[in-house]
Amino acid sequence: ADIAYLRSVLPSTTEDAFFEYLCTVDASEVTVSSVPEGSVVFSRVPLLQVKGPLLVVQLLETTLLCLVSYASLVATNAARFRLLAGPATKLMEMGLRRAQGPDGGLSASKYSYIGGFDCTSNVLAGKLYGIPVQGTVAHSFIMSFTSLAEVEPRVLAPAAGGEPVDLPSLAESWLPRVCELLQVSPGKVNRGELAAFVSYAVSFPRNFQGLLDTYCVMRSGLPNFCAVALALNELGYRAIGVRLDSGDLAQQSKEIRQVFRACSARFQVPWFETISIVVSNDISERILEDFIREGSEIDVLGIGTNLVTCPLQPSLGCVYKLVKVNDSPCLKLTEDEEKMTIPGVKRVYRLYDAAGHPFMDLMALEEEPLPSAGQELTVYVLGENGEARKVKAATVEALHRTYFRDGQVCAALPSLPQVRSHAQAALSRLSPAHRRLREPEPYPV
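For clarity, every value in this text was computed on a predicted model and none was experimentally measured.

**Digging into the overall build of the protein chain**
Within the protein chain, the regular secondary structure consists of 15 helices and 19 strands. Computed over the C-alpha atoms, the radius of gyration of the protein chain is 29 Å, more than 25% above the 22 Å expected from 2.2 N^0.38 for a compact globule of 445 residues. On the principal axes, the C-alpha backbone points of the protein chain span a range of 85 × 60 × 45 Å. Expressed as a percentage of its 445 residues, the buried residues of the protein chain come to 42%. For the protein chain, contacts bridging at least 24 residues in sequence account for 63% of all contacts bridging at least 6. Carbon and sulfur atoms make up 53% of the accessible area of the protein chain, which totals about 23,300 Å². Of the charged side chains in the protein chain, 41 are positive and 48 negative, and the gap between their average positions amounts to 5 Å.

So, in structure tokens, the structure goes:
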């Protein structure tokens, strides 16, 4: 069927031998070398090297670029968020509804995890790839309740066992005390929201969380949450968190943390002050920088649009160029100097200093001798007008591994958690000057 379709769209003068060749083509003469998945790479350094018959490797071009470019782009974007957030803040990928279709959404979940995100709201990604899945309550769930009379079932047994308790009544008994502490009028609290929280708590007493901004965070959402959380505490359960999705998220997080501390002290519930605060709402790098500068009390960031659509750079300019044919190096000369290719089959090495930081990537022709630790090397840095430089490396690492030869995968492929660990370790080895997101020091190749 594929050959028949190609016959219908190619010129009528295309020879039959071409279609016969396509029916028999195989990858037994193709060799693919690559940097390991999750590696940090820099501009002009080959991600992949493909060797084989010219027609076969030309047929692979679009497939390889499609598979590599978006994956690298999203993983890089996720890594930037992780570097900015630091190791302590939890990052949740929530981009499925904003991604470029279901395929883009699934890919974004997978490669965000490699880049350093902790979990995803994409349940299919959890099933297929084993990525931890997490989510929060929807506004539509909160809005679907109007009164406590709608809560069903109503009773919850204590965690330690015993007679079930009517949770709506217990939560209502806590509400005036919470409102007094918060200096909020009980009459301003939305009873439908309280009913939604109670209903959720009955179903998931060990995983209770509250979405606070459906009506008003300080006058309704927070008092209702605290009342239900304290009712659960009386029965031996702990609430796990709250989420904010609008307003001044940094300021609200600080105010909410103050309330949690006040409740902890007033009602003698020590764990209350450590309840997790989750925020979402079009969080970008700039907004995250604002959170850090303002000293927010945010524990978890839910990031979607600015992660999966990569608005700072919507595509990654990976290219696939011929560098050698029939034992002759090839060089593309062009009007645009940046598009000039570097000829010849290359080996790539990463040079490390005594502190363990990579300081240069070295490309050498395949037949050149391997560099070694402590050896003085004469190198020519791209973009420095051909001026030679002398360097010594404390450690030398060969970047490429051969993964595919003679039609077979010839090296063990890592699991997704292994790729993620490799990526985070590689990022941590970068020097601070190269790792910073704003005006990093150029990395020489």
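**Thoughts on the UniProt feature "domain: Nicotinate phosphoribosyltransferase C-terminal" (unreviewed entry) in the protein chain**
Mapped onto this numbering, the UniProt entry annotates "domain: Nicotinate phosphoribosyltransferase C-terminal" (unreviewed entry) at residues 346–445. This span, residues 346–445, is 18% helix and 36% strand, and a straight line between its end C-alpha atoms measures 13 Å.

**Some points on the sheet that holds strand S3 (residues 90–93)**
Read across the sheet, 6 strands follow the order S4-S3-S10-S9-S8-S7 without closing on themselves; strand pairing throughout is parallel. One side of each edge strand has no neighbouring strand; the edge strands of this open sheet are strand S4 (119–120) and strand S7 (209–211). Relative to the sheet, helix H11 (residues 249–266) contacts strand S8 (241–244) and strand S9 (276–279), its axis offset from that of S8 by approximately 155°.

**Describing the pattern of salt bridges**
The final tally for this structure, using the stated rule, is 19 salt bridges. For Arg 82, the salt bridge identified is with Asp 118, shortest N-O distance 2.8 Å. With Arg 82 in helix H4 (residues 61–85) and Asp 118 in the loop between helix H5 (101–115) and S4, this residue pair connects regions lying 36 residues apart in the sequence. When its relative accessible area of 10% is taken as the criterion, Arg 82 is described as buried. Assessed through its relative accessible area of 25%, Asp 118 is described here as partly exposed. Asp 166 is the salt-bridge partner of Arg 154, the closest N and O atoms lying 3.0 Å from each other. Of the two residues, Arg 154 sits in the loop between helix H7 (139–143) and strand S5 (155–156) while Asp 166 sits in strand S6 (residues 165–166), which places them 12 residues apart along the sequence. Owing to a relative accessible area of 27%, Arg 154 belongs among the partly exposed residues under this scheme. Classification of Asp 166 by relative accessible area gives partly exposed; the value is 24%. Connected through shared salt-bridge partners, Arg 80, Glu 285, Glu 289 and Arg 438 make up one network.

**With respect to the sheet that holds strand S14 (residues 358–365)**
Within a sheet, adjacent strands bond to each other through the backbone by hydrogen bonds, running parallel or antiparallel. Pairing is antiparallel across the open sheet formed by 3 strands, whose spatial order is S14-S13-S17. Looking along the sheet, the strands with just one partner apiece sit at the ends: S14 and strand S17 (395–398). Each adjacent strand pair in this sheet contributes to an overall mean axis angle of 25°, direction not counted. Where strand S13 (residues 346–352) meets S17, 4 bridges bridge the pair, whose relative direction is antiparallel.

**Let's talk about the pairing of S14**
In terms of residue burial, S14 counts as a mostly covered element, since 6 of its 8 residues are buried. With 7 bridges connecting them, S13 and S14 associate as antiparallel partners. Counterpart to Leu 351 in the pairing with S14 is Met 360. Hairpin connection of S13 to S14: 5 residues between the antiparallel strands, including Gly 356 at a positive phi of 90°.

**Details of the state of the cysteines**
Under the definition given, this model contains 0 disulfides. Summary of cysteine pairing: Cys 66 is not part of a disulfide, and the nearest cysteine sulfur, belonging to Cys 318, is at 11 Å. Of the residues examined, Cys 66 reaches a relative accessible area of 59% and is grouped as exposed. For Cys 318, a relative accessible area of 22% puts it in the partly exposed group.

**Topic: the environment of Val 379**
Mapped onto the fold, Val 379 is located in strand S15 (residues 376–380). Along the primary structure Val 379 and Ala 364 are separated by 15 residues, whereas in three dimensions their C-alpha atoms are 9.5 Å apart. If we ignore the near neighbours within four places in the chain, the residues touching Val 379 are Met 360, Leu 362, Glu 387, Ala 388, Arg 389 and Val 391.

**Some points on the nonpolar core**
Judged by nonpolar contacts, the single largest core of 87 residues is most densely connected at Leu 167, Phe 208, Phe 225, Phe 260, Phe 272 and Leu 301. Per-element tally for this core: the top contributor is helix H10 (residues 217–234), with 10 residues. If near-sequence neighbours (up to four positions away) are discounted, Phe 225 is found in contact with Phe 197, Phe 208, Gln 209, Gly 210, Leu 212, Ala 239, Gly 241, Val 242, Phe 260 and Ile 275. Among the nonpolar cores identified, the runner-up in size contains 13 residues, and Val 40, Phe 42, Val 348 and Leu 427 belong to it.

Conventions adopted
Counting starts from 1 at the beginning of each chain's written sequence and moves along it residue by residue. It should be noted that, the model being predicted, local features are given only for residues of pLDDT at least 70 and side-chain atom pairs only at 80 or more, the latter also being counted only at that level, while totals for whole chains, interfaces and linings use all residues. With hydrogens and water excluded, all non-hydrogen atoms of the structure serve as input to the side-chain values. Helical segments are the DSSP runs of H or I of at least four residues, strand segments are the runs of E of at least two, and each set is numbered from the N terminus. Taken over C-alpha atoms, the radius of gyration is set against a globule rule of 2.2 Å times the number of residues to the power 0.38. Only protein chains enter the accessibility calculation, which uses a 1.4 Å probe; a residue whose area is less than 20% of its type maximum is buried, one above 50% is exposed, and one in between is partly exposed. Residue contacts are defined here by distance: any two heavy atoms, one from each residue, within 4.5 Å place the two residues in contact. We get accessible surface area from the Shrake-Rupley algorithm with a probe of 1.4 Å; when it comes to residues, only the shown protein chains can shield them. Under this rule, positive means Lys or Arg and negative means Asp or Glu; His and the chain ends count for nothing. Charge positions come from single atoms, namely NZ of Lys, CZ of Arg, CG of Asp or CD of Glu. UniProt positions are given in the numbering used here, feature names are shortened, and annotations may be inferred rather than shown by experiment. We call two strands paired when DSSP finds no fewer than two bridges between them. Orientation is described by axes fitted as lines to C-alpha atoms, over the contacting stretch for helices, and by angles from 0 to 180 degrees between their N-to-C directions. By convention in these notes, a salt bridge is any Lys or Arg side-chain nitrogen within 4 Å of a carboxyl oxygen on Asp or Glu. Here, two cysteine sulfur atoms that lie within 2.5 Å of each other are counted as a disulfide. Joining through side-chain atoms within 4.5 Å is the link that ties buried Ala, Val, Leu, Ile, Met, Phe, Trp, Tyr and Cys residues into a set, and such a set is a nonpolar core.

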